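# Structural overview
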Amino acid sequence: MQPLYNLKSINLSHSLNLVNSSNFKGVPYLEFLFLEGCIRLCEVDPGIEVLERLTVLNLKDCKNLVHFASSVRGLKSLKVLNLSGCSKVNKLPNDVGLLGSLEKLYLKDTGIRELPTSTRMLERLSLLNMEDCKHLLCLPSSVGGLKSLKDLNLSGCSKLDKLPDELGHVACLKKLNVSGSGIREVPSSIGLLKNLEELSLGGCKAQSPKSWSMIFNPFQLLLKRSCIPARLSLACLSGLHSLTYLNLSDCNLSEEAIPIDFGCLALLRRLNLRKNQFVRLPESIGQLSRLENLQLDWCRKLRTLPELPSHVRVTLKNCISLDTMVNQIGECNSVLFASCVNCFKMVENESYKRVALSLLARYLKFRRWSSSVHFKHRTFDFIAPGNEIPEWYNHQSVGSLITVELHPGWFSKKWMGFAWCVVFRPLKPLPSSVEMNIVCSLKINGQPLAGFGKSFGFGEKCDQPKSDHIWFFYVHRDVRYPNQEWQDIHYQLVFSFSAFCLGPPGIRALTSLQLKDVRIQEEIVQVKKCGVRMVYEEDAEEQSNVGTNTERGLQHSDDEDDATSSSASQAHPKRIKLLHLDGGGPGGSPYIYDQKHG
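The rules behind the values
Residues numbered from 1 in each chain as written. Predicted model: local features only at pLDDT ≥ 70, side-chain atom pairs only at ≥ 80, totals over all residues. Heavy atoms only, no water. Helix = DSSP H or I, 4+ residues; strand = E, 2+ residues; numbered from the N terminus. Buried < 20%, exposed > 50% of the residue type's maximum accessible area, 1.4 Å probe, protein only. Contact = heavy atoms within 4.5 Å. Areas by Shrake-Rupley, 256 points an atom, 1.4 Å probe, with all protein chains shown as cover. Salt bridge = Lys/Arg side-chain N within 4 Å of Asp/Glu carboxyl O. Disulfide = S-S within 2.5 Å. Core = buried A, V, L, I, M, F, W, Y, C linked by side-chain atoms within 4.5 Å. Phe/Tyr/Trp six-rings, centres within 6.5 Å; stacked < 30°, edge-to-face > 60°. Lys NZ or Arg CZ within 6 Å of the ring centre and 35° of its normal.

### Digging into the overall build of the protein
When helices and strands are tallied, the protein shows eight helices and 25 strands. Of all 598 residues assigned to the protein, the portion counted as buried reaches 52%. The contacts in the protein between residues at least 6 apart in sequence include a share of 61% that link residues at least 24 apart. When the accessible area of the protein is evaluated, it comes to approximately 26,400 Å², of which 49% is carbon and sulfur surface.

And the structure:
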């Protein structure tokens, strides 16, 4: 080994015939050792501890590795140790705490039952991944000594039923994931983690409302140790000032159990409450001014929504008890995206046309009066059960193709973008993990532009539409076609809508090197009807003219007869009306006609 004396890196990954590692005494300057995927490797040479300069040791997926090392005290420079997938490794060396330089420790899917108490000495450790350690029984209280720990992943540790109170002392912790673990009660000290940004508790089913009311209260622990009156304790979520993501999905939460003071989470952007048992949500959710994504799928008892933050993206798939999108103050919530797949009760109680146009009207109004520089949200989506195109979409077709002729006089600075809607239906159940897509492609005077598509992501069979559904979409004119210089000249626009399905993510990953997706050739989804409208600022202005009662205005749009609509159009010839569903242009002339294709 003398010729290899100065060697700094050895990569023997996926050496299928490697059974034992070599003696490392002849490579004292080695810094990187990669043995990933050596599935026959059963033992690492004890001499490995002489590698004082080793910084990375990767033994990932060495599935037959039984004995890692008796001692690692000599690995003074080791920064990364990866034992993930070493399912037969059931313990770490007792002196693992002497790895003073260790920053990242990967133990995913190992057989480890507990961590050595010396772990508390790993003062530089920033990441500890123990995902799917099915035999892990407990974490030592010494975990509180990990002063640099930022990312702790304990998801899937099904036998882990308790977290130590000392975890609240890890002041640097930013990510904590215990989803799918055996945790039934979270220590109140979690509320002391003021730097925590992501907290995942999905699938941790609380035994009682009391256990969940304690989750986020940072003062409960202090109250046990002091004489501070209970009336001085702050609201449940008040300690988590930095939280941006909270996952409480599938936790069996009812109204009594769900935390009520979400309003304290000023930085929260993503909130996952899927598969819970509450009938309504706390009003405090409306105070989350930065909330971008709210997941409520499979909340089968949910009936109403609170006033939501402006322009949130909300998913409500299979909320079968949901009565309405209108909040408690009688207005339709302002959302950028709402997926109401299989929400049949909602569309029975109120017209999906009214809901969709109401949501779109509020979006356009906000977009109209917001600075385009600061308003980054330039698309709108709404999906719900339905099979009829609203009249407001003045270009409609049976099938998947519409041709629109624009004549000089159509263009003005007040033109905002395109609105379209598509009625689609599944022809048969989609296979598991298949992703459904609908794409709108646009040709301008025969020249194709890049398509604008929507991925619905029905990954599970139970998530898939059970009947005809309709997709409403708006896109600002500059979002998808920034290089298209629109002018006041004749255009022929051909909109075509196609639906297709992509194969499972694993298959797509295999083909990602070819930059291709695996399309399922069999027709599984059919586009039945489609509609298009050119949207102008007048659409938003007209809505503001009728006041704040959006529902009343949309009642006119959906129910008034043709005579009323016609007379209103004559009274305001220069307006493209939201309320009276005319098809005229800014000049009152019929500047476009619709060529339909069956």
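### What about the pattern of salt bridges?
Considering all chains together, one arrives at 12 salt bridges under this definition. A salt bridge links Lys134 to Asp132, with the shortest nitrogen-to-oxygen separation between them at 3.5 Å. The class of Lys134 is partly exposed, set by a relative accessible area of 40%. Owing to a relative accessible area of 24%, Asp132 belongs among the partly exposed residues under this scheme. The shortest N-O distance in the salt bridge between Arg280 and Glu255 comes to 3.8 Å. Linking Arg280 in the loop between strand E11 (270-272) and strand E12 (293-295) with Glu255 in the loop between strand E10 (245-247) and E11, this pair joins segments that are 25 residues apart in sequence. What makes Arg280 partly exposed here is its relative accessible area of 44%. Given a relative accessible area of 26%, Glu255 falls into the partly exposed group. Salt bridges sharing partners connect three or more residues here, namely Arg303, Asp323 and Lys345.

### A look at the state of the cysteines
Applying the stated criterion across every chain yields a total of zero disulfides. Cys251 takes part in no disulfide bond, and the closest cysteine sulfur to it belongs to Cys204, at a distance of 5.8 Å.

### Describing unusual backbone geometry
Here Asp109, not a glycine, exhibits a phi torsion of approximately 60 degrees, which is positive. Looking at the secondary structure, you find Asp109 in the loop between strand E5 (104-106) and strand E6 (127-129). In this structure, Asp250 is a non-glycine residue whose phi angle is positive, near 55 degrees. Following the sequence through the fold, Asp250 ends up in the loop between E10 and E11. The exposure class assigned to Asp250 is partly exposed, which follows from its relative accessible area of 28%.

### A few points about the nonpolar core
Counting residues in hydrophobic clusters, the biggest one holds 121 residues, and the most contacted among them are Leu59, Leu296, Leu316 and Phe382. Going through the elements one at a time, strand E13 (312-315), strand E14 (335-339), helix H4 (352-369), strand E15 (379-385), strand E18 (415-426) and strand E21 (469-476) are the ones with two or more residues in this core. With residues near it in sequence (within four places) discarded, Leu296 still touches Leu273, Arg274, Phe278, Leu281, Leu302, Leu305, Val314, Thr315, Leu316 and Cys319. Core analysis: the second largest hydrophobic core is formed by 36 residues, Val434, Cys501, Cys530 and Val532 among them.

### Quick word on the environment of Arg313
Structurally, Arg313 is set in strand E13. Its relative accessible area of 27% is what places Arg313 among the partly exposed residues. C-alpha of Arg313 to C-alpha of Leu336: the two residues are 23 residues apart in sequence and 5.4 Å apart in space.

### A word on the packing of aromatic side chains
Going through the model one piece at a time under the given rule, you end up with 21 aromatic pairs. Note on Phe411 and Trp415: the rings are 6.4 Å apart at their centroids and 65 degrees apart in plane angle, and the pair reads as edge-to-face. On the basis of relative accessible area, Trp415 is assigned to the buried category, the value being 2%. Measuring from ring centre to ring centre gives 5.6 Å for Phe418 and Phe495, while their planes differ by 70 degrees; the resulting arrangement is edge-to-face. You can see Phe418 sitting in strand E18 and its partner Phe495 sitting in strand E22 (residues 491-502), a full 77 residues away along the chain. The residues Phe418 and Phe495 share a single accessibility class, namely buried. In this structure, Arg270 is placed above the aromatic ring of Tyr245, and the distance from its NZ or CZ to the ring centre is 4.1 Å.

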